[in-house]
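Analysis of the macromolecular model
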Amino acid sequence: MYDIIIIGAGPGGYVAAERAGQLGKKVLLVEKEELGGVCLNRGCIPTKTLLNSSKLYKQAKGPAPYGVHAEDVTFNWDEAMTWKKKVVKNQRNGVAFLMKENGVEVLIGKALLLEGKKVRVDNKIYEGQNIIISTGSSNFIPPVPGADGSNVVTSREILELQEIPKSLAVIGGGVIGMEFASLFSNLGVKVSVIEMLDEILPMMDKDHARVMRRDMKGIDFHLSCRLEKIEGTSLIFSTNGKRETLEADLVLMAVGRRPNIYGLERIGLDIDKGQIVVNERMETNLPGVYAVGDVTGLSMLAHSASRMGEVAVNNICGNRDRMRYNAVPWAVYTSPEAAGCGMTEAEAKASGRKVKTASVLMKHNGRFLAEHGKTAVGTCKVVVDAETEVLLGVHLIGGISSELVAGAAAMIESELRVKEIKEIVFPHPSLSEVIRDAVWAIDR
Ligand code: NAI
């Protein structure tokens, strides 16, 4: 009998296992593929590795106002892929080490959750006092004729390409679509994006999304367009009832992901719209059965899954804890990079609040100017509750936005007010000062 059996070893499952191990629990972690899940093996980590290679290439090829010249710059896809594999392997070994260090038993095999908190793996039954389901999500393929063609891939296959395509059509201008569009555009591939809505990156501040799209000059955007069918290398899509066609060697489907439920309804688990229903303690309707991460459909981000895993473990161990979503940061590692935390101006207004906002341009920041120049895209926008002066949202585009957003998350999670943020000392020169400057710009 285990204290906790965890199904799925992504950032939800392996972090839960690590924390439970640290708290002295007897833990079994079951994974059908490899430790680390989609994030480590086929998502965040390999994508960021290849994106970095593509950014270095773009920068080396670009104009050189900084006094550094590189001649005959080339990009070697095989070497970039070898580097990616090394990074992934290293991280995976790190997770294996953490499991060992915390006394977590790891079992590679496909788990089937049965009634009574029993789990079957390879015809053997394991029993747990508690179960954590962290089975993640899979790419959704829309029912479009031709979507099963050999030149149509998802984020999984595109990370294993043998060679760089000449042209790429990306279906869906969300996070996955835009990161791959940026990666291949940086490498000189002719990239087109077909997006159903009237703007890319729906979770982003609309002004920032527009700025990003306009700055991605090499990419051909088709907004408010719906893909109708794929015929070989021809993509037929419609916009305002009008049909258009574009040609692409490779098609990436990036129209969202769906929770991996694997028929869990049969044990009486409450599932709504394909997602496991959980409360803020990550409890499902079945006593002792918890669910965390993408499978809940609540916040499909690796770091949300990890925090949900911690919340589940804390509650199992009798340390009351609850998941909050209002200060979960997000980041898109495109060129330019973007990140945000908390409410956008539109969301804050839609919630019925009176809001105040301020934006500052990063080109007025010393470090940004030194490293990017004054024509590079860069803005920080803050959203504040007009009545309480509490910080509601921070939205960044440009520079190393993804590294700044954790500071913003700390302020939003702590419900800091404008007056309190003004008292925080930021290092100079650093890009982080844009957050302080934007807060100072409120009421100016
Ligand atoms: P998404 O939900 O972010 O974006 C999908 C996009 O496809 C939307 O803009 C939608 O309007 C569009 N779309 C849907 N059907 C369409 C159609 N038939 N034709 C054209 N456009 C269509 O989903 P995505 O990008 O697949 O990512 C899945 C999940 O993975 C997201 O929840 C995301 O947060 C997560 N993720 C996060 C990353 C990060 O934090 N950097 C990186 C990659 C993924």
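Residues numbered from 1 in each chain as written. Predicted model: local features only at pLDDT ≥ 70, side-chain atom pairs only at ≥ 80, totals over all residues. Heavy atoms only, no water.

1. Some remarks on the sheet that holds strand S12 (residues 226-231)
- Spatially, 3 strands are ordered S12-S13-S14 in an open sheet, and the strand pairing comes out antiparallel. Lying at the two open borders of the sheet, with one neighbouring strand each, are S12 and strand S14 (242-247). The sheet shows a mean angle of 25° between the axes of neighbouring strands, taken without regard to direction.
- Note: strand S13 (residues 234-239) against S14, 6 bridges, orientation antiparallel. Bridging from a neighbouring strand, Ser238 pairs with Arg243 of S14. (Pairing = 2+ DSSP bridges. Helix = DSSP H or I, 4+ residues; strand = E, 2+ residues; numbered from the N terminus. Axes fitted to C-alpha atoms, helices over the stretch in contact; angles between N-to-C directions.)

2. Remarks on the layout of surface pockets
- Each pocket or cavity is described by its volume, and for the second largest pocket that value is around 1,600 Å³.
- For the second largest pocket, the lining is made up of 45 residues, of which Lys55, Lys58, Gln59, Ser335 and His372 are closest to its centre.
- Only helix H3 (44-61), helix H6 (175-186), helix H10 (366-372) and helix H11 (401-413) provide two or more residues apiece to the lining of the second largest pocket.
- By residue class, the composition of the lining of the second largest pocket is 19 nonpolar, 16 polar and 10 charged. (1 Å grid on protein atoms, 1.4 Å probe; cavity = no way out; pocket = protein on both sides within 12 Å on 5 of 7 lines; lining within 4 Å. Points joined across faces, edges and corners; volume = space filled by probe spheres on them. Nonpolar A, V, L, I, M, F, W, Y, C, P; charged D, E, K, R; others polar.)

3. Observations regarding the pattern of salt bridges
- Here the structure, examined in full by the defined rule, presents 30 salt bridges.
- Asp198 serves as the salt-bridge partner of Lys206, at 2.9 Å between the closest nitrogen and oxygen.
- One salt bridge connects Lys349 with Glu345, and the closest N-O pair in it is separated by 2.8 Å. Of the two residues, Lys349 and Glu345 are both situated in helix H9 (residues 345-350); the distance of 4 residues between them amounts to about one turn of the helix.
- Beyond isolated ion pairs, a larger network of salt bridges with shared partners links Glu18, Arg19, Arg307, Glu310 and Asp321. (Salt bridge = Lys/Arg side-chain N within 4 Å of Asp/Glu carboxyl O.)

4. Things to note about H3
- Spanning 18 residues, H3 covers 26 Å between terminal C-alpha atoms, matching the ideal 26 Å at 1.5 Å per step.
- Listed as buried for H3 are Pro46, Thr47, Thr49, Leu50, Leu51, Ser53, Ser54 and Tyr57. (Expected span 1.5 Å × (residues − 1). Buried < 20%, exposed > 50% of the residue type's maximum accessible area, 1.4 Å probe, protein only.)

5. What to know about the site of the ligand
- The immediate surroundings of the ligand are formed by 21 residues, with Ile176, Glu179, Glu195, Gly256 and Ala331 found nearest.
- Take Glu195: an N or O atom from its side chain is 2.6 Å from an oxygen atom of the ligand.
- Contact between the ligand and Met196: a nitrogen atom at 3.2 Å from a main-chain N or O atom of the residue.
- Relative to its unbound accessible surface of 850 Å², the ligand loses 80% to contact with the protein.
- The leading source of residues in the shell around the ligand is H6, at 4 residues.
- Residue composition of the shell around the ligand, by class: 14 nonpolar, 4 polar and 3 charged. (Near = heavy atom within 4 Å. Polar contact = N/O pair within 3.5 Å; in protein donor to acceptor, adjacent residues only side chain to side chain. Areas by Shrake-Rupley, 256 points an atom, 1.4 Å probe, with all protein chains shown as cover.)

6. Some details on the domain arrangement of the protein chain
- By domain assignment, the protein chain separates into domain 1 (2-139 + 258-316), domain 2 (152-255) and domain 3 (330-440).
- The gap between the C-alpha centroids of domain 1 and domain 3 is 29 Å.
- With 7 residues of domain 1 in contact, the opposing surface of domain 3 contributes 8 residues.
- When domain 1 packs against domain 3, the two sides together hide about 530 Å² of surface, and 53% of this comes from carbon and sulfur.
- Contact with domain 3 buries surface across domain 1, with Lys48, Lys55 and Tyr66 losing the most and accounting together for 66% of the total.
- Across the salt bridge formed by Glu337 and Lys55, the nearest N and O atoms sit 3.6 Å from each other.
- Where domain 1 touches domain 3, the interface holds 2 residue pairs in polar contact (both at pLDDT 80 or more).
- Ranked by the residues each element gives to the side of domain 1 that touches domain 3, the list is headed by H3, at 4 residues. (Domains from an automatic or database assignment. Contact = heavy atoms within 4.5 Å. Buried area = accessible area lost by both parts, 1.4 Å probe.)

7. Examining the nonpolar core
- Counting 48 residues, the largest nonpolar core has Leu29, Leu113, Ile132, Ile133, Leu264, Ile276 and Met282 as the members making the most contacts within it.
- For this core, the elements supplying multiple residues, two or more each, are strand S1 (2-7), helix H1 (13-22), strand S2 (27-31), helix H4 (77-101), strand S5 (118-121), strand S6 (124-133), strand S19 (289-291) and helix H8 (302-316).
- The contact partners of Leu264, leaving out residues within four places of it in the chain, are Leu113, Ile133, Leu269, Ile271 and Ile276.
- By size, the runner-up hydrophobic cluster in this structure holds 38 residues, among which are Leu51, Leu161, Val191 and Ile200. (Core = buried A, V, L, I, M, F, W, Y, C linked by side-chain atoms within 4.5 Å.)

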